Amino acid sequence: MNKDIFVVVEQRAGHIQKVTYELIGEATKLARDLGEDVVAVLLGKDITKQAQTLVEYGAAKVLVVDNPVLEHYTTEPYTKAVHYIIKKFNPNIVLYGASSIGRDVAPRVAGRVHTGLTADCTGLAIDPETKLLMMTRPAFGGNIMATIVCRKYRPQMATVRPGVMAMPAREAGRKGEIIQVDAGLSPADMNVEILEVVKSAQKVVDITEAKILVSGGRGVGGAEGYNPLRALAKELGGEVSSSRIGVDSGWIEKNRQVGQTGKTVRPNLYLACGISGAIQHLAGMEDSEFIVAINKDETCPMMKLADLGVVGDLKLIVPKLTQAVADYHAKQKV
Amino acid sequence: MDFKLDKVHQLQQQLFRTFAETEIKPLAKDMDENEQYDLGLLKKMQKYGFLGIPYGKEYGGCGSDTLAYTLCMEEVSRVDASSGITISVHTSLACSCIANFGTEEQKQKFLRPLVDGSKIGCFGLTEPGAGSDVQGAQTVAVPDGDDYIITGNKIFTTNSGFADTFVVFALTDRTVPAAKGLTAFIVDRTMPGVQVSDNIERMGIRAASNCIVNYDNVRVSKDRILGQLNKGFKIAMGALDCGRIGIAAQSVGIAQGALNEAIKYAKERKQFGKPITAFQNTQFKIAELQTKIDAARLMTWRAALSEDAHEKFGPLAAMAKLFASDVANDVTRYAVQMMGGYGYCREYPVERMMRDAKITEIYEGTSEVMKIVISGSMKLK
Amino acid sequence: MKIIVCIKQVPDTAEVKLDPKTNTLIRDGVPSIINHDDKAGLETALKLREAHGGTVTVVCMGPPQADVALREALAMGADEAYLLSAREFGGSDTYATATIIATALKKIGFDLVITGRQAIDGDTAQVGPQIAEQLGVPQVSYVEEARVEGNSIIVKRQFEDSAQILKVKMPCLITALAELAEPRYMNVGGIVDAYQKEVKVIGFDDLKNSLNPEWIGINGSPTNVVKSFTKQAKVAGTLMKDLTPDQAVAAIMDKLIERHII
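Here is what the cut-offs are and how they apply
- Residues numbered from 1 in each chain as written.
- Chains lettered and ligands numbered in written order.
- Predicted model: local features only at pLDDT ≥ 70, side-chain atom pairs only at ≥ 80, totals over all residues.
- Helix = DSSP H or I, 4+ residues; strand = E, 2+ residues; numbered from the N terminus.
- Rg over C-alpha atoms; globule rule 2.2 N^0.38 Å.
- Buried ≥ 20, exposed ≤ 12 C-beta atoms within 10 Å, placed from the backbone.
- Contact = placed C-beta atoms within 7 Å.
- Axes fitted to C-alpha atoms, helices over the stretch in contact; angles between N-to-C directions.
- Parallel < 35°, antiparallel > 145°, perpendicular 65-115°, else oblique.
- Left-handed = near helix turned anticlockwise from the far one by under 90°.
- Nonpolar A, V, L, I, M, F, W, Y, C, P; charged D, E, K, R; others polar.
- Pairing = 2+ DSSP bridges.
- Domains from an automatic or database assignment.
- Expected span 1.5 Å × (residues − 1).
- Core = buried A, V, L, I, M, F, W, Y, C linked by C-beta atoms within 7 Å.

**Q** Is there a simple way to explain the overall build of chain B in this structure?
**A** When helices and strands are counted, chain B shows 11 helices and 10 strands. Rg of the C-alpha trace for chain B: 21 Å, near the compact-globule value of 21 Å for 381 residues, within the 12% margin. Its C-alpha atoms put chain B at 80 × 45 × 40 Å along the principal axes. Per-residue burial for chain B yields a buried fraction of 55% across its 381 residues. Long-range contacts, defined here as pairs at least 24 residues apart, represent 72% of the contacts in chain B between residues at least 6 apart.

What follows is the structure, encoded as structure tokens:
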């Protein structure tokens, strides 16, 4: 009775976000296990022209709610539209990107529909016996993983962490159904007033908040030596940090020092360039999710700690790595 | 008899610990290096009630007790002994005189701004020629109509660099021993003739303000006399009894803070293939020192509870200070030793804690004076 | 203006233990704090009260030991506190939790509800919006600035790369980010006062006539945990040597892509 996997499209200012395609890709795999279809739910103003792209990434069908009141994201019109679609089309599963939009609209929809919602999933699978969606997600700041099901209520819903699921291939010219839906929206549905839309201002650097750190040590050799690291950090969307020697030598600011008398960091990636790994430094970063070390000395403590230790000259490797990442990003741009 | 803190005191301890770790600890090193207390930090402490803990709500205080005050002193002193003494001199020396001996009018006028976080107090008793021998005081207060004129020098007046209110002891009767001729006065910083020197350069608690105050014909009205004329000696001694509990708590804090730092370091520092804490001699030494700190803490709490029960707590306070100050010096010396060369570096806090610890055996009554007080209470003669 | 702040008491460390039978958390023995986002919400409420008058009521759903979180909120300056605690409430997922809290909030009454965006243990960020849905009031989440103007609240709503300034008529609900406000500490005297006040306990009997008992607790939760596991301990790393710079870059890129770091 409840059928198909719906992906609620994340669009900001008319641009469909990458997480949507990741979800379509993942939904395609799940749909295969269920023998069902992937349907994209596209909400916005003057948005219909984007629907074909969704088909090309794997949606069998796109349900479009194209209405002026959906021009900017606000909770109620979007909730109402998704709720209408769920009631009318009875999906088995609904997926959203776990963004600041997805994590605002999905719980409201779950409340209105009275169904279960699992937040920020990093893994989805169909249980071969029960055919239930198994939703795996981190809790306790990522120290525990939990697998969750929604047995009695439909649809089964999840918000999914961006950047975790694989991007599917795009098949230009692929055919799919694009259906306009009237969800009965009107300006009266706006229960908030948008006074202004602002672009984000630059935030002050706090290396303890960075998810990626490119860190330099003695091997960097001087203040200018950090420039290639900065370029790499910028390309990766991270920050630059340093062991103590860089700070003591005046090569970089103190608020970027990682270590026992500096800051303790736990980024997803700690890229240690020319850092030998004195105990006082390791104490500040040893809990990082993934540690890559580039150093000429294969016996140094940092190489022993690292998940991936590469023996080599950071001055040669770092600029090439920056270029490789830039090339990769360029290929990913849609 | 329950040695556990009740819920109120537990939550207060949590407040003091969190505040000390977050607000005071990051500033401690620089304040010590620059010999300058951070007045912004002081304002924060005033805002949250740290400077009026054991005084009643009817005067704008926190309505809490001496035990809570010792918890504050310990937690603060774990990270910065200078912050500890700043709070202690204000709370135990300056405020207690007015709270215990002031008229209702004086309490509303002078105690209230001190305990509600508006003003800071200090205590002018010690003179260049009168330390342990309080009776060697030479500062005089000469009557002049309805006023008194105070002339003299006080040394080592903590907080005087920025305090608003000075409780000063001066001779009003020079024909008798000082014990019978000393009077306590409440002086404002802004009164003409009050001259405060620069910070005296010291071995430790360098961030605390500690200056020579010269009273150059400072005119005070009669209503500024605290308690009765010529009855000031008792007020000073009573204040010092309170102060000693504060210093005992400060000592416990210095000791525990130093030991915690050293243990943290030693768990990570590997020599001869193991962390230093894996060696039994280190474990045994840590056990001995923690035992002593624990004993000092309980003695401090006992003195605090005795004060709150309005008993004669002087000898208990003296014992707590005597013991705790010795423990602080013992522990900090070992903390530096355990951290080796790094312990000697100013980058790490234990050398400062060792320098800070020394004064606890000296001020508010030397360890020798503590023994006079204790033996004096034991009917030995 | 009557403001209700919903707070959650959460464990402070990464040490977590699970009850193998129910797959819910064992909270005893782990130091607890008020969740960071919630505390920022409480600070905002206190500031709004200072500017506009009114009352700040704190509500917490939790086991009996959550009492100390409410005392802390009172010591920071909240006027009154409610603890929603009952055996029947235990094991609730976000929908069931929101059901219980919304029922209590309706009884207490409010102009503005402030919740934290996300708790650091559950990490769902779902309860705030689900409470708003059950209360039938507008919600704004990811709030990083807030002020009151007459009957409305004006907020800055954070998105990944932009923000909206929104005006919302009360009654409404906002979810607070930690950036919304730097929380004050407790006041020493405030702690003394906090323990002289009453923390009102709301149990199952107080609410059972106002909600559907089948929609709360483990059995009323639409979602259930089937498995919980800690992440694997760190495996020994790989050392690669004798590579050319290009080979080194390729090896690193492989890992970055595999781990979805880029």
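What follows picks up the thread again.
**Q** Help me out: how do you make sense of the overall build of chain C in this one?
**A** If you tally the helices and strands in chain C, you get eight helices and 15 strands. Along the first, second and third principal axes, the C-alpha set of chain C runs to 70 × 45 × 40 Å. Counting only residues that meet the buried cut, chain C has 52% of its 262 residues in that class.

**Q** Help me out: how do you make sense of the packing of helix α3 (residues 75-89) of chain A against helix α4 (residues 102-113) of chain A in this one?
**A** Helix-helix packing is characterised by the crossing angle of the two axes and by the distance between the axes. All names here are of chain A. It is at 9 Å that the axes of α3 and α4 come closest, and there the two elements cross at 50°. When the axes of α3 and α4 are compared, the pair comes out oblique. Taken as a pair, α3 and α4 cross one another with a handedness that is right-handed. Across the interface between the two elements, T75, Y78, T79, V82, H83 and I86 from α3 touch D104, V105, R108, V109, R112 and V113 from α4. Counted by class, the contact of α3 with α4 contains six nonpolar, three polar and three charged residues.

**Q** How do you make sense of the interface of chain B and chain C when you look at a structure like this?
**A** Interface size is often expressed as the accessible area that is lost when the parts come together. Contact with chain B, which involves 15 residues of that partner, is made by 12 residues of chain C. At six residues, helix α1 (residues 7-34) of chain B tops the list of elements feeding residues into the side of chain B that touches chain C. Among the residues forming the side of chain B that touches chain C, the class breakdown is nine nonpolar, four polar and two charged.

**Q** Would you mind going over the pairing of strand β12 (residues 172-176) of chain C with me for this structure?
**A** Residues and elements named next belong to chain C. In terms of burial, β12 is largely enclosed, as five of its five residues are buried. Here β12 shows no split at all, with C172, I174 and A176 on one side and L173 and T175 on the other all buried. Here strand β8 (residues 112-116) pairs with β12 via five bridges, running parallel. The residue bridging G116 from the neighbouring strand is A176, located in β12. Both strand β9 (residues 139-149) and β12 contribute to a ladder of three bridges, which runs parallel. By the bridge assignment, Q139 is partnered in β12 with L173.

**Q** Please explain the interface of chain A and chain C as it appears in this structure.
**A** At the interface, 68 residues of chain A touch 62 residues of chain C. Per element, the largest residue contribution to the side of chain A that touches chain C is eight residues, and it comes from strand β13 (residues 192-199) of chain A. Across seven bridges, the pairing between strand β10 (residues 144-150) of chain A and strand β14 (residues 223-230) of chain C is antiparallel. Bridge assignment links A146 of chain A to a residue of β14 of chain C, and that residue is S228 of chain C.

**Q** Teacher, can you tell me more about the domain arrangement of chain B here?
**A** Residues and elements named next belong to chain B. Each domain of chain B was delimited in the assignment, giving domain 1 (7-115), domain 2 (121-231) and domain 3 (234-376). The C-alpha-based centres of domain 1 and domain 3 are spaced at 20 Å. Contact residues are listed per partner, giving 25 residues for domain 1 and 24 residues for domain 3. At the level of elements, α1, α3 (66-79) and α4 (81-101) are the ones that each hand at least two residues to the side of domain 1 that touches domain 3. Considering only residue class, the side of domain 1 that touches domain 3 consists of 10 nonpolar, nine polar and six charged.

**Q** Sorry if this is basic, but what is going on with α3 of chain A here?
**A** Spacing of three or four residues puts side chains on the same side of an α-helix, whose turn is 3.6 residues. Here α3 of chain A spans 21 Å end to end across 15 residues, near enough to the 21 Å set by a 1.5 Å rise per residue. Of the residues making up α3 of chain A, those classed as buried are T75, P77, Y78, T79, K80, A81, V82, I85 and I86 of chain A. Each element contacted by the buried residues of α3 of chain A is listed here: β1 (5-8), β4 (38-44), β5 (61-66), β6 (93-97) and α4 of chain A together with β9 of chain C. Count one or two residues on from α3 of chain A and you reach N90 of chain A, which has phi positive near 50°.

**Q** Honestly, the sheet that holds β10 of chain A in this entry has me stumped. Any pointers?
**A** Hydrogen bonds along the backbone pair up the strands of a sheet, which may run parallel or antiparallel. With respect to topology, four strands assemble into an open sheet ordered β8(A)-β9(A)-β10(A)-β14(C), the strand pairing being antiparallel. Bordering the open sheet on either side are β8 (123-126) of chain A together with β14 of chain C, each of which pairs with just one other strand. On average, each strand axis in the sheet is tilted by 25° relative to the strand beside it, whichever way the strands run. Summarising the sheet, strand β9 (residues 133-139) of chain A and β10 of chain A pair through five bridges and their orientation is antiparallel. Along β10 of chain A, the bridge assignment pairs R137 of chain A with A146 of chain A.

**Q** Sorry, what's going on with the sheet that holds β4 of chain A here?
**A** All names here are of chain A. Reading across from one edge, β7-β11-β6-β1-β4-β5-β12 is the order of the seven strands in this open sheet, with parallel pairing throughout. The open sheet has two free edges, formed respectively by β7 (117-121) and β12 (177-180), since each of these has just one partner strand. Averaged over neighbouring strand pairs, the angle between their axes works out to 20° when direction is ignored. Of the pairings in the sheet, the one linking β7 to strand β11 (residues 156-160) comprises three bridges and is parallel in character. Its bridge partner lying in β11, C121 is registered against V160. Against the sheet, helix α1 (residues 18-34) contacts β1, β4, β6 and β11, and its axis sits at roughly 175° relative to β1.

**Q** Hey, could you run me through the packing of helix α7 (residues 232-268) of chain B against helix α9 (residues 314-344) of chain B in this one?
**A** All names here are of chain B. With their axes 8 Å apart at the nearest point, α7 and α9 run at an angle of 20° to one another. With respect to their mutual orientation, α7 and α9 come out roughly parallel. The hand of the α7/α9 crossing is left-handed. Counted by class, the contact of α7 with α9 contains 21 nonpolar, four polar and four charged residues.

**Q** Help me out: how do you make sense of the environment of L63 of chain A in this one?
**A** All names here are of chain A. The residue L63 is located in strand β5 in this model. Residues L63 and I178, spaced 115 residues apart in sequence, show a C-alpha to C-alpha distance of 6.2 Å. Not counting chain neighbours up to four residues away, the residues in contact with L63 comprise V39, V41, L42, I85, F89, I179 and V181.

**Q** Would you take a moment to explain the nonpolar core for this structure?
**A** A general feature of soluble globular proteins is that nonpolar side chains tend to end up buried together. Membership of the largest hydrophobic core comes to 268 residues, with the highest contact counts inside it found for V7 and V41 of chain A together with F185 of chain B. Top contributing element to this core by residue count: α7 of chain B, with 18 residues. Beyond its immediate sequence surroundings of up to four residues, V7 of chain A is in contact with T20, L23, I24, A27, V38, A40, V41 and L95 of chain A. In this structure, L232, A293 and A306 of chain A together with L256 of chain C belong to the second largest nonpolar core, which totals 45 residues.

**Q** Would you mind showing me how to read helix α1 (residues 36-52) of chain C here?
**A** All names here are of chain C. End to end, α1 covers 24 Å across 17 residues, agreeing with the expected 24 Å (1.5 Å per residue, within 8%). Of all the residues in α1, the buried ones are D37, D38, K39, A40, G41, L42, E43, T44, A45, L46 and L48. Just downstream of α1, G53 is the residue with a positive phi angle, here 80°.

**Q** Which parts of the structure should I look at to understand the environment of L271 of chain A?
**A** Residues and elements named next belong to chain A. Along the chain, L271 turns up in strand β16 (residues 269-273). Distance from L271 to V240, taken between C-alpha atoms, is 9.5 Å for residues 31 residues apart in sequence. Once residues lying within four places of it in the same chain are set aside, the contact partners of L271 are L213, V214, S215 and V292.

**Q** What am I meant to see in unusual backbone geometry here?
**A** Negative phi characterises most residues that are not glycine, and trans characterises most peptide bonds. Cis geometry marks the peptide bond from R154 of chain A to P155 of chain A, where omega comes out at 0°. In this structure, P155 of chain A sits in the loop between β10 and β11. Of note, the bond from M170 of chain C into P171 of chain C is cis; its omega dihedral lies within 30 degrees of zero at 5°. Among the secondary structure elements, P171 of chain C is positioned in the loop between β11 (162-169) and β12. With phi around 50°, N90 of chain A is a residue other than glycine that occupies positive phi space. Along the chain, N90 of chain A falls in the loop between α3 and β6. For N90 of chain A, a count of 14 C-beta atoms within 10 Å corresponds to the partly exposed category. The phi torsion at H260 of chain C lies on the positive side, around 60°, for a residue other than glycine. You can see H260 of chain C is positioned in the segment after α8 (245-258).

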